[in-house]
Amino acid sequence: MAEGSIDREAWAKVISTLIAQETGTPAKPEGNKSAFAQLVGVTYKTVLRWTQAKSEVSEDSVRQVARALHVSPLELLVRVGYYTGADLDAAVQASGPVDTVRIDQSDPALRVILESGVPPRVQQRMIQRLQDLRSREAERQVDEVRWWVDQARGA
């Protein structure tokens, strides 16, 4: 993939949107820069410089924000001009088919999470917890069936 540079203006818009999504409240929909800085592991001044497009931004900074918010680093890097969509298409073609996780939109519990309006990183955690819960429940059911089989053999 060809590497470019990060467009500071695009990064400022992305960061402002993420701040609103992650820390916004009805009383303060634009969000809280201090809370966002803590969330992504940088200083308030760094977030302020990012939102004002006053400093160069590294690829590592974009990846750090993506990791902290559980969003795709590549998606953010494309949005800020570091990579192009064509770069990603070429990389996917070179690496072969990619397995994607399919989300069953008809799943009522999942639908509640997706329609909740909570920030994406919170949704990700909720979905993970739901998957863990279902996995433990499946294991419990297998143990129960094994017990039934053992009881039937002993009877």
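Each chain carries its own residue numbering, running from 1 in the written order of its sequence. For this predicted model, a pLDDT threshold of at least 70 governs which residues receive local features, and a threshold of 80 or more governs which side-chain atom pairs are given and counted, while totals over whole chains, interfaces and linings are taken from all residues. Excluded from the side-chain calculations are hydrogens and water; all other atoms, namely the structure's heavy atoms, are used.

1. Focus: the overall build of the chain
Secondary structure assignment for the chain yields 8 helices and 0 strands. Under the DSSP-based scheme used, a helix requires at least four consecutive residues in state H or I and a strand at least two consecutive residues in state E, with every element numbered from the N terminus. What you see in the chain, going N to C, is helices and strands ordered as α-α-α-α-α-α-α-α. Considering the chain as a whole, with its 155 residues, one finds that 26% of them fall into the buried category. Partitioning the intrachain contacts of the chain with sequence separation of at least 6 by distance along the chain shows that 51% fall at a separation of at least 24. Put simply, the chain shows about 10500 Å² of open surface, and 52% of that area lies on carbon and sulfur atoms. Type-normalised accessible area, obtained with a 1.4 Å probe on protein chains alone, sets the label of each residue: buried when under 20%, exposed when over 50%, and partly exposed for intermediate values. Any two residues having at least one pair of non-hydrogen atoms within 4.5 Å are treated as being in contact. For every accessible area listed, the method is Shrake-Rupley and the probe measures 1.4 Å; residues are considered covered only by the protein chains on display.

2. Looking at the environment of Gly-81
Mapped onto the elements, Gly-81 comes out in the loop between helix H5 (73-79) and helix H6 (85-95). Discounting chain neighbours no more than four positions away, the residues touching Gly-81 are Gly-4 and Ser-5.

3. Details of the confidence of the model for the chain
Scored from 0 to 100, pLDDT reflects the predictor's confidence in each residue. The pLDDT averaged across the chain works out to 83; a share of 85% of its residues lies at or above 70. Summarising per-element confidence for the chain, the mean pLDDT is lowest in H6 (62) and highest in helix H3 (residues 44-51) (95). Note that pLDDT drops below 50 for residues 98-102; the model gives that stretch 1 contact with residues more than four away or on any other chain.

4. A short note on the packing of aromatic side chains
Pairing of aromatic rings covers Phe, Tyr and Trp, the last through its six-membered ring, and needs centres within 6.5 Å; plane angles under 30 degrees mean stacked, over 60 mean edge-to-face, and all others mean tilted. Summed over all chains, the structure comprises 2 aromatic pairs. Judged by centre distance (5.3 Å) and plane angle (75°), the rings of Trp-11 and Trp-50 are edge-to-face. You can see Trp-11 sitting in helix H1 (residues 8-23) and its partner Trp-50 sitting in helix H3, a full 39 residues away along the chain. Taking relative accessible area as the criterion, Trp-11 reaches 0% and is therefore assigned buried. The exposure class of Trp-50 is buried, given its relative accessible area of 3%.

5. Observations concerning the pattern of salt bridges
Every case where a carboxyl oxygen of Asp or Glu lies within 4 Å of a side-chain nitrogen of Lys or Arg is listed as a salt bridge. Under the counting rule described, the total for this entry stands at 6 salt bridges. Between Glu-75 and Arg-79 there is a salt bridge, with the nearest N and O atoms lying 3.7 Å from each other. Taken as a pair, Glu-75 and Arg-79 lie in helix H5 at a separation of 4 residues, close to a single helical turn. On the accessibility criterion, Glu-75 (44% relative accessible area) is partly exposed. Residue classification places Arg-79 among the partly exposed positions, given a relative accessible area of 39%.

6. A closer look at the packing of H1 against helix H2 (residues 33-40)
As a rule, the C-alpha atoms of each element are fitted with a line to give its axis, helices using only the stretch in contact, and angles between N-to-C directions run from 0 to 180 degrees. Two elements in contact, H1 and H2, have axes separated by 10 Å at closest approach and are oriented at 95°. Of the possible angle classes, the one that applies to H1 and H2 is roughly perpendicular. Of the residues in H2, those touching H1 at Ile-15, Leu-18, Ile-19, Glu-22 and Thr-23 are Lys-33, Ala-35, Phe-36 and Leu-39. Oblique is the label for every angle not falling under 35 degrees (roughly parallel), over 145 degrees (roughly antiparallel), or within 65 to 115 degrees (roughly perpendicular).

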